[in-house]
Amino acid sequence: MDRKKRKIKLPWWVPYSVPVIIFAAIMIFIIADKPEYTVTFSPGYDGGRSKTETVEKKDTVSVPDDIYRPGYTFAGWWYKDEDGWRLWDFENDKVYEDITLTARWEHVTYTMTLDANGGECDITEYTVQSGVPYEMPAPTRKGYPFAGWYCGCQNMTKGIYPYIDDVPVKARWVTYPLGMSVHIGRFEQDGNLDNGPE
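Residues numbered from 1 in each chain as written. Predicted model: local features only at pLDDT ≥ 70, side-chain atom pairs only at ≥ 80, totals over all residues. Heavy atoms only, no water.

So, about the nonpolar core. Among the nonpolar cores identified, the biggest contains 16 residues, and Met112, Tyr134, Met136, Met156, Tyr161 and Val169 are the most heavily contacted of them. Elements with a contribution of two residues or more to this core: strand 6 (109–115), strand 7 (125–129), strand 9 (146–151) and strand 12 (167–175). Sort the elements by how many residues they give to this core and strand 12 lands first, with four residues. Ignoring sequence-local partners within four residues, the contact set of Met156 consists of Met112, Tyr134, Met136, Trp149, Tyr150, Cys151, Tyr161, Pro162, Tyr163, Val167 and Val169. Core analysis: the next-biggest nonpolar cluster, separate from the first, contains 15 residues, Val39, Tyr72, Ile99 and Ala103 among them. (Core = buried A, V, L, I, M, F, W, Y, C linked by side-chain atoms within 4.5 Å. Buried < 20%, exposed > 50% of the residue type's maximum accessible area, 1.4 Å probe, protein only. Helix = DSSP H or I, 4+ residues; strand = E, 2+ residues; numbered from the N terminus. Contact = heavy atoms within 4.5 Å.)

Dropping the structure here:
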């Protein structure tokens, strides 16, 4: 007796599942091939706060919010590779590893207008840069030791410029009560500051 060949009937959904399985396998491969990397935004100076962003491989980086540093002008985010420092292009540069983008800052130039306050000085203006130490020249006034350049109560004779705008400065001189003799080396102890006419 011949056996009849039995025809196996597959469920109706099997033919439709094959493309789905293939698509899922392709997506798994793509996802596995796109790891995530960390982009660190460094402020570029001590005391600033860094930020991080997670980016997938071959993706671009989102432009961060504007940052501010008193006395400086922001000059872009920079990246250091084997060729040195270069400006990061947020539209075209893509991420292939963990990277650090560092903020670059440019010094701002300020001008102090000098008032010798009864003395003599070779210059009437003095230019400084933010964050850069400076020391101003001393004026002269016969019979009065120089006590420093001041803007209000702020001694501006030397140091780091503390303001974010141009300011006037006035010379101060050491004076003595009428009849007191001046002894060299003692004027800082015995003398009084002459702020000049207000």
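Read on, since the account is not over.
On average, residues of the protein carry a pLDDT of 83, and 73% of them reach 70 or more. Ignoring residues within four places in sequence, the model shows residues 181–191, a span with pLDDT below 50, making nine contacts including any to other chains. (pLDDT = per-residue confidence, 0-100.)

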